[in-house]
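This is what each chain is made of:
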Amino acid sequence: MQLIPRHDPHLAVRSTGDVTVAALRGELDLVLVRHLRPELDALVRESDALTVDIRRLTFCDATGLGLLAHCAVRTRERGSCWRLVCDQPWILRLIRLTELDDVLNPEAALEGEPAGAPADGWPGEFPEGWNPERSAGLPDLVAPHWDPADPLLYGPGVTRPAP
């Protein structure tokens, strides 16, 4: 099946044989989800095997994860093959925290492509101030520790909890 080429700064699509690769770029938030949903729904309907490459996303919120999960479920319902390519630790962490690993099944790279390679010829730039070497992703979330001796808990205007 030959797909109609789409010209969008946030979505690049290439199709070879039965496999369609959709590479997303930018901030996958409510605004971009509303823009991309019709295009991705069309790809889900048209493709025998759909790979979504999100390695060039600079942001992804719950709405973006919801769109990806929607596409994964719909693709599988059609009996088609679904793949999600993601090598960004912070997005992988969001997927894990939202327990969407089994739905999205993220992979690090496309077959025959080295990990971290630019998607669809897009340069491998990162957002301003982002240093991928400095951090391996988001810091671990730690539950706050309740210390009754903490002076900040008993300053002026702070009500002390009843014993």
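What you see is a predicted model; the values in this text were computed from it and never measured. (Residues numbered from 1 in each chain as written. Predicted model: local features only at pLDDT ≥ 70, side-chain atom pairs only at ≥ 80, totals over all residues. Heavy atoms only, no water.)

Concerning the pattern of salt bridges
Tallied over the entire structure, the rule returns 3 salt bridges. For Arg55, the salt bridge goes to Asp53, with nearest N and O atoms at 2.6 Å. With a relative accessible area of 2%, Arg55 lands in the buried category. Among the salt bridges present, the one from Glu107 reaches Arg83, with a minimum N-O distance of 2.7 Å. Taken as a pair, Glu107 in strand β5 (residues 106-107) and Arg83 in strand β4 (residues 81-85) lie far apart in primary sequence, 24 residues in all. With a relative accessible area of 30%, Glu107 lands in the partly exposed category. (Salt bridge = Lys/Arg side-chain N within 4 Å of Asp/Glu carboxyl O. Buried < 20%, exposed > 50% of the residue type's maximum accessible area, 1.4 Å probe, protein only. Helix = DSSP H or I, 4+ residues; strand = E, 2+ residues; numbered from the N terminus.)

Regarding unusual backbone geometry
Positioned with a positive phi, Glu99 is a non-glycine residue whose angle comes to about 55°. Looking at the secondary structure, you find Glu99 in the loop between α3 (89-97) and α4 (101-104). Phi is positive for Asn105, which is not a glycine, with a value near 45°. Along the chain, Asn105 turns up in the loop between α4 and β5.

Concerning the sheet that holds β5
The strand order across the open sheet built from 5 strands is β1-β2-β3-β4-β5, with neighbouring strands paired in mixed fashion. In the strand order of this sheet, the two ends are held by β1 (11-16) and β5, each with one partner. Of the strand pairs in this sheet, β1 and strand β2 (residues 19-28) are connected by 6 bridges, and their pairing is antiparallel. Bridged to Val13 within β2 is Ala22. Contacting β1, β2 and β3 (49-60), helix α1 (residues 30-46) crosses the sheet at an angle of about 175° to β2. Against the sheet, α3 makes contact with β3, β4 and β5, and its axis sits at roughly 110° relative to β3, the strand it touches most. (Pairing = 2+ DSSP bridges. Contact = heavy atoms within 4.5 Å. Axes fitted to C-alpha atoms, helices over the stretch in contact; angles between N-to-C directions.)

Remarks on the pairing of β3
Counting buried positions over the 12 residues of β3 gives 10, a clear majority of the element. Sheet topology places β2 next to β3; 9 bridges connect them, and they run parallel. For Ala23, the partnering residue across the bridge sits in β3 and is Asp53. Note on the crossover from β2 through α1 to β3: the handedness is right-handed. Summarising the sheet, β3 and β4 pair through 5 bridges and their orientation is parallel. Following the sheet pairing, Asp53 is matched in β4 by Val85. (Right-handed = clockwise from strand over helix to strand, strands pointing away.)

Observations concerning the confidence of the model for the chain
In the predicted model, the chain carries a mean pLDDT of 75, and 63% of its residues have values of at least 70. Mean pLDDT across the elements of the chain ranges from a minimum in β1, with 88, to a maximum in helix α2 (residues 62-77), with 96. Here residues 1-5 is a poorly scored stretch, pLDDT under 50, and it has 11 contacts once near neighbours within four places are set aside; other chains count. In this model residues 114-146 is a low-confidence stretch, pLDDT under 50, and it forms 44 contacts with partners more than four residues away in sequence or in other chains. (pLDDT = per-residue confidence, 0-100.)

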